[in-house]
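# Descriptive analysis of the structure
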Amino acid sequence: VDGGHGITIQAADSNTIQRNIRIYNNLIENVSLGLDYSKGPLGKKGIVENVVFEKNTIVSSYVGFYSHGYHEDVSKSALVIGNIFKNCQYGIYGYEIQGFTFRGNNIQTTKRIIRDTKITNGVYGVLLYGPKDVTLTGNVINLKNADSFIEIDVVSRNPLYNGFIENVTISGNEYSGTAI
């Protein structure tokens, strides 16, 4: 599960600045995380802004697109548009993300489970924990034997640790396939 990453943009320390980056037209296969855009505890004061992931194809990976924040100090202003996530256990997985737009992505999968994962043993088109200011629009989600096409949940029942969901818009998506 913690194998290689296709492309990672991450604040690594408090002095890190990553801004205005476009990841475009890549093919990534058989990795743990296809596209990774995150902030961890070491880089919680670093800047990661205005990143675009466009027209990439991620195949047979654990997670197609992955992002996590660090409690309320989260990644901001990302566009994830026109990508294909095929045969990934999670098409899009986000943990404490803020300011993301997911538009025109194509998520296609059959039941592909990597056992003993840190998240769940299920298959999800989109799984978001504690999102804030997130838009999911115009995506195509075609799953077979999935646990959920889109699932939104809190990270924690304690608001101090992102126990909220705020300003999430889900519209104009197409769903087909079967759920468990």
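Whatever comes next refers back to the structure up there.
The text that follows walks through the structure, step by step, so that each part is easy to find.

Cut-off values and rules
- Residues numbered from 1 in each chain as written.
- Predicted model: local features only at pLDDT ≥ 70, side-chain atom pairs only at ≥ 80, totals over all residues.
- Heavy atoms only, no water.
- Helix = DSSP H or I, 4+ residues; strand = E, 2+ residues; numbered from the N terminus.
- Buried < 20%, exposed > 50% of the residue type's maximum accessible area, 1.4 Å probe, protein only.
- Polar contact = N/O pair within 3.5 Å; in protein donor to acceptor, adjacent residues only side chain to side chain.
- Contact = heavy atoms within 4.5 Å.
- Salt bridge = Lys/Arg side-chain N within 4 Å of Asp/Glu carboxyl O.
- Core = buried A, V, L, I, M, F, W, Y, C linked by side-chain atoms within 4.5 Å.

Within the secondary structure layout, threonine 8 lies in strand β1 (residues 5–11). Assessed through its relative accessible area of 36%, threonine 8 is described here as partly exposed. Taking the C-alpha atoms as reference, threonine 8 lies 8.4 Å from glycine 34; in sequence the two are 26 residues apart. Only 3.1 Å separates the side chain of threonine 8 from the side chain of histidine 5, close enough to count as a polar contact.

A few words on the environment of threonine 169. Locating threonine 169 in the fold gives a position in strand β17 (residues 166–171). Exposure remark for threonine 169: the relative accessible area of 39% places this residue in the partly exposed category. Between the C-alpha atoms of threonine 169 and threonine 101, which are 68 residues apart in sequence, the distance is 9.4 Å. Beyond its immediate chain neighbours, meaning those up to four positions away, threonine 169 contacts Val134, Thr135 and Leu136.

Let's shift gears to the side chain of asparagine 56. Along the chain, asparagine 56 falls in the loop between β5 (47–54) and β6 (57–59). Sequence-distant contacts of asparagine 56, defined by excluding residues within four places in its chain, comprise Ile23, Tyr24, Asn25, Asn26, Leu35, Gly82, Asn83 and Ile84.

So, on to the pattern of salt bridges. Close approach of charged atoms lets side chains of opposite charge pair. Under the criterion given, the structure shown has one salt bridge. Linking glutamate 54 and arginine 22 is a salt bridge whose minimum nitrogen-to-oxygen distance equals 3.0 Å. Note that glutamate 54 is positioned in strand β5 and arginine 22 in strand β2 (residues 17–24), a separation of 32 residues in sequence.

A few words on unusual backbone geometry. The backbone of lysine 55 sits at a positive phi, close to 55°, despite the residue not being glycine. Here lysine 55 shows up in the loop between β5 and β6. Among the residues examined, lysine 55 registers a relative accessible area of 45% and is labelled partly exposed.

For the rest of this paragraph, the subject is the nonpolar core. In this structure, Tyr37, Phe53, Phe65, Phe85, Phe100 and Phe102 are the most contacted members of the largest nonpolar core, which totals 30 residues. For this core, the secondary-structure elements that each account for two or more residues are β4 (33–39), β5, β8 (76–81), β11 (100–103), β13 (124–129), β14 (132–137), β15 (140–146) and β16 (148–153). Residues Tyr62, Val63, Tyr66 and Leu127 belong to the second largest nonpolar core, which totals nine residues.

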